[in-house]
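An overview of the molecular structure
Below, each chain spelled out in residue letters.
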Amino acid sequence: MLDFQAILQEIEIEIQPYLTQGKIASYIPELSMVEPTSFAMSLMTVDGQSYHVGAHHKRFSIQSISKLFTLTMAISLVDEKIWERIGKEPSGSPFNSLVQLEYENGIPRNPFINAGALVVTDVILNELKDAQKSVLNFIRTLAEKEDINFDFSVAKSEALTGFRNRAMADFMKSFGNLHHEPSRVLDAYFHHCSIAMSTQELCKAGMYLANRGVQPWLSEPILTQRQTKRMNALMLTCGTYDAVGEFAYRVGLPAKSGVGGGILACLPGNFSICVWSPRLSEKGNSVAGAKALELFTTKTKMSIF
Ligand code: GLN
């Protein structure tokens, strides 16, 4: 029987040299207001045991990890129809790239790059009108935490500087792949990205990804087993942007990262795991976070491969 707590503690020590590598995201100015060497890691097994190290209560900006929850909502609302408007191939380009969109007629490569998440948000708006609040409520339900909230200063900071996302939204609108006004879609999207959660809360919220679509503490499944398998496939192939091959090679888990420095990953049938450290690689993934996950799968010999 593995001693998960001891393994996390070993990782917390071994990770120290990595905490000073990489750069905090500053293109959203408010994201740079964080202690750069912060570190937290949380693990929750499908039988309900939890293990934590570091600042696991500290909330940070989930940023693109929100794309997991918005896609989950969109899939449970419209299921396969979502793929009429978004691809499911790795992009091989940065998460905020515009080039592919032109020659692929406004159809984003996958739901985990920014353009894809904007279309996902538009789909939720079609079905639910208040995309902002319904996503927040969904996350609160998943994590069983009513005080999870938007960080309005982060949302505002991104609204003031999110020129690329605005360009993408306008561009997709010109191809007819956004049904709502770009400004409305962007506003909801920036709020989704601004949601603040701890590793402990994210790990719990993501349990259904490890547990065949089921949050054990909720009466209804979140996704079917088949939908969950597909979410995991997308995380593995598209969840860490144009570093996805390297991430699968080193870590071997389906995962989703965000520029707030968080990474949520899982081993289907076994556990969900979340790590946070704000300094990022060039590709926008947490340097210490990816290393900590690599150490975890190496030490436990638990990965999908
Ligand atoms: N809000 C960020 C953006 O749109 C999310 C990007 C990310 O986490 N990779 O640029």
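Look up a bit, the structure's there.
My aim in this report is to walk through the structure given alongside it, one point at a time. (Residues numbered from 1 in each chain as written. Predicted model: local features only at pLDDT ≥ 70, side-chain atom pairs only at ≥ 80, totals over all residues. Heavy atoms only, no water.)

1. Points about the overall build of the chain
Looking only at helices and strands, the chain features 13 helices and 7 strands. For 305 residues, the compact-globule formula gives about 19 Å, and the C-alpha radius of gyration of the chain, at 18 Å, lands near that figure. Overall, the C-alpha framework of the chain stretches about 55 × 40 × 35 Å when taken along its three principal axes. Looking at the chain residue by residue over its 305 residues, the buried ones come to 58%. Contacts spanning at least 24 positions in sequence make up 69% of the contacts within the chain whose residues lie at least 6 apart. Carbon together with sulfur atoms contributes 53% to the accessible area of the chain, which is approximately 12,300 Å² in total. When the 29 positive and 30 negative side-chain charges of the chain are each reduced to one mean point, those points stand 2 Å apart. (Helix = DSSP H or I, 4+ residues; strand = E, 2+ residues; numbered from the N terminus. Rg over C-alpha atoms; globule rule 2.2 N^0.38 Å. Buried < 20%, exposed > 50% of the residue type's maximum accessible area, 1.4 Å probe, protein only. Contact = heavy atoms within 4.5 Å. Areas by Shrake-Rupley, 256 points an atom, 1.4 Å probe, with all protein chains shown as cover. Lys, Arg positive; Asp, Glu negative; His and termini not counted. Charge placed at Lys NZ, Arg CZ, Asp CG, Glu CD.)

2. With respect to the side chain of Ser 277
Its location among the elements puts Ser 277 in the loop between strand 7 (271-276) and helix 13 (287-300). Judged by its relative accessible area of 1%, Ser 277 falls in the buried class. If we skip the residues at most four places from it in the chain, Ser 277 touches Leu 19, Ser 38, Phe 39, Gly 261, Ser 286, Ala 288 and Gly 289.

3. Overview of empty space enclosed by the protein
Under the counting rule described, the total for this entry stands at 2 cavities of 30 Å³ or more. One number sums up the size of the largest cavity: a volume of about 80 Å³. Along its surface, the largest cavity is lined by 13 residues, and Ser 97, Gln 100, Leu 101, Ile 113 and Ala 115 are the ones closest to its centre. Split by residue class, the lining of the largest cavity holds 8 nonpolar, 4 polar and 1 charged. Put simply, the second largest cavity is a space of about 50 Å³. Lining the second largest cavity, in full, are Tyr 27, Gln 63, Ser 64, Lys 67, Phe 95, Asn 114, Glu 158, Tyr 189, Cys 193, Tyr 241 and Val 259. (1 Å grid on protein atoms, 1.4 Å probe; cavity = no way out; pocket = protein on both sides within 12 Å on 5 of 7 lines; lining within 4 Å. Points joined across faces, edges and corners; volume = space filled by probe spheres on them. Nonpolar A, V, L, I, M, F, W, Y, C, P; charged D, E, K, R; others polar.)

4. Description of unusual backbone geometry
Phi at Arg 212 takes a positive value of approximately 55 degrees, unusual for a residue other than glycine. The residue Arg 212 is located in the loop between helix 10 (207-210) and helix 11 (225-238) in this model. At Lys 301, a position not held by glycine, the phi torsion is positive, near 55 degrees. The residue Lys 301 is located in the segment after helix 13 in this model. Owing to a relative accessible area of 74%, Lys 301 belongs among the exposed residues under this scheme.

5. Looking at helix 1 (residues 4-14)
Within helix 1, burial applies to Phe 4, Ile 7, Leu 8 and Ile 11. The arc enclosing the buried residues of helix 1, seen along the axis, measures out at 100 degrees, which places them on a common side. Of the surrounding secondary structure, the elements contacted by the buried residues of helix 1 are strand 1 (40-45), strand 2 (50-54) and helix 13. (Arc of directions from axis to C-beta.)

6. Details of the site of the ligand
Close to the ligand lie 14 residues; Tyr 27, Gln 63, Ser 64, Tyr 189 and Tyr 241 are nearest. In the model, a nitrogen atom of the ligand is placed 2.8 Å from a nitrogen or oxygen of the Glu 158 side chain. Between Val 259 and the ligand, the recorded distance is 2.8 Å, taken from a backbone N or O atom to an oxygen atom. Protein chains shield 99% of the accessible area of the ligand, which is 300 Å² for the free molecule. Counting atoms within 2 Å of the grid points, the majority share of the ligand lands in the second largest cavity. Residue composition of the shell around the ligand, grouped by class: 7 nonpolar, 5 polar and 2 charged. (Near = heavy atom within 4 Å. Polar contact = N/O pair within 3.5 Å; in protein donor to acceptor, adjacent residues only side chain to side chain. Sits in = over half its atoms within 2 Å of the grid points.)

7. Considering the environment of Ala 115
Topologically, Ala 115 is positioned in helix 4 (residues 114-128). With 104 residues separating them along the chain, Ala 115 and Ser 219 place their C-alpha atoms 33 Å apart. Here Ala 115 is in contact with Leu 101, Pro 108, Met 168 and Met 172, once residues within four sequence places are set aside.

8. Structural notes on the nonpolar core
By size, the foremost hydrophobic cluster in this structure holds 63 residues, and its most contacted members are Phe 69, Leu 71, Ile 82, Met 197 and Leu 202. The biggest single contributor to this core is helix 4, with 8 residues. Once residues within four sequence positions are removed from consideration, Met 197 is found in contact with Lys 58, Arg 59, Phe 60, Ile 62, Ile 139, Ala 143, Ile 148, Leu 202 and Ala 205. (Core = buried A, V, L, I, M, F, W, Y, C linked by side-chain atoms within 4.5 Å.)

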